[in-house]
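Single-letter residue listing:
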Amino acid sequence: MNSALPWFILLIPLASAATITVVTRRLKAMSSFISVAAVVASFVCSCLIFRQPGVSATALTWLDFPGVFTVPLGFTLDAISQTMLLVVTGVGALIHIYS
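Cut-offs used in this document
Residues numbered from 1 in each chain as written. Predicted model: local features only at pLDDT ≥ 70, side-chain atom pairs only at ≥ 80, totals over all residues. Heavy atoms only, no water. Helix = DSSP H or I, 4+ residues; strand = E, 2+ residues; numbered from the N terminus. Contact = heavy atoms within 4.5 Å. Areas by Shrake-Rupley, 256 points an atom, 1.4 Å probe, with all protein chains shown as cover. Expected span 1.5 Å × (residues − 1). Buried < 20%, exposed > 50% of the residue type's maximum accessible area, 1.4 Å probe, protein only. Pairing = 2+ DSSP bridges. Patch = residues over 30% accessible without salt bridge, like charges linked within 9 Å, V, L, I, M, F, W, Y side chains within 5 Å. Salt bridge = Lys/Arg side-chain N within 4 Å of Asp/Glu carboxyl O. Core = buried A, V, L, I, M, F, W, Y, C linked by side-chain atoms within 4.5 Å. Phe/Tyr/Trp six-rings, centres within 6.5 Å; stacked < 30°, edge-to-face > 60°.

A. The overall build of the protein, seen in detail. Regarding its fold elements, the protein presents three helices and four strands. Dimensions of the protein along its principal axes, counting C-alpha atoms only, are 50 × 30 × 15 Å. By sequence separation, contacts in the protein at least 24 residues apart represent 67% of the contacts at least 6 residues apart. Counting only carbon and sulfur atoms, one obtains 73% of the accessible surface of the protein, whose full area is about 6,900 Å².

Put into structure tokens, the structure is as follows:
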């Protein structure tokens, strides 16, 4: 099953870091709330991916030279990478919450 969840796991913390840097740099409480919410949202997306077997991400074309070669940009989501995704985002969420 094709899903956008792996892209959300990658892009939600990136978007929150950009938002914190540009908009809420001086508001410490708002910055910490945005940071924790983004990492927890990534963890929730990881849990959803872990529950569903056979999830794959939509691959994007990064470089395309017609007739010569194409370089896709995508994710590999086998059982071990799903487990590591869950562990890394879970530990990251706990670090953000308790710091």
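Text resumes after the structure shown.
B. Quick look at helix 2 (residues 28-51). The end-to-end C-alpha separation of helix 2 is 35 Å, in line with the 34 Å expected for 24 residues at 1.5 Å each. Every buried residue of helix 2 is accounted for by Ser 31, Ile 34, Ser 35, Ala 38, Val 39, Ser 42, Cys 45, Ser 46 and Ile 49.

C. Structural view of the pairing of strand 3 (residues 60-65). Pairing geometry for strand 3 and strand 4 (residues 69-73), over five bridges, is antiparallel. Within the sheet, the bridge partner assigned to Leu 63 lies in strand 4 and is Val 71. In this structure, the hairpin formed by strand 3 and strand 4 is closed by a connection of three residues, where Gly 67 is found at a positive phi of approximately 85°.

D. Seen up close, a nonpolar patch on the surface. A surface patch of nonpolar side chains, about 710 Å² in accessible area, is lined by Leu 60, Trp 62, Leu 63, Phe 65, Val 68, Phe 69 and Leu 73. Secondary structure elements with two or more residues in the nonpolar patch: strand 3 and strand 4. Top element by residues in the nonpolar patch is strand 3. It accounts for four residues.

E. Local environment of the nonpolar core. Counting six residues, the largest nonpolar core is built from Leu 5, Ile 9, Cys 45, Ile 49, Val 55 and Leu 77. Breaking this core down by element, the ones donating at least two residues are helix 1 (5-22) and helix 2. When sequence neighbours within four positions are dropped, the list of residues in contact with Cys 45 reads Leu 5, Phe 8 and Ile 9.

F. A look at the packing of aromatic side chains. In the structure shown here, the tally under the stated rule is two aromatic pairs. When the ring of Trp 7 is compared with that of Phe 75, the centres are 4.6 Å apart and the planes differ by 70°; the resulting orientation is edge-to-face. Taken together, the positions of Trp 7 in helix 1 and Phe 75 in the loop between strand 4 and helix 3 (79-98) put the pair 68 residues apart, joining distant regions of the chain. Among the residues examined, Trp 7 registers a relative accessible area of 15% and is labelled buried. Between Phe 65 and Phe 69, the ring centres sit 5.2 Å apart and the planes meet at 55°, which makes this aromatic pair tilted. Owing to a relative accessible area of 42%, Phe 65 belongs among the partly exposed residues under this scheme.

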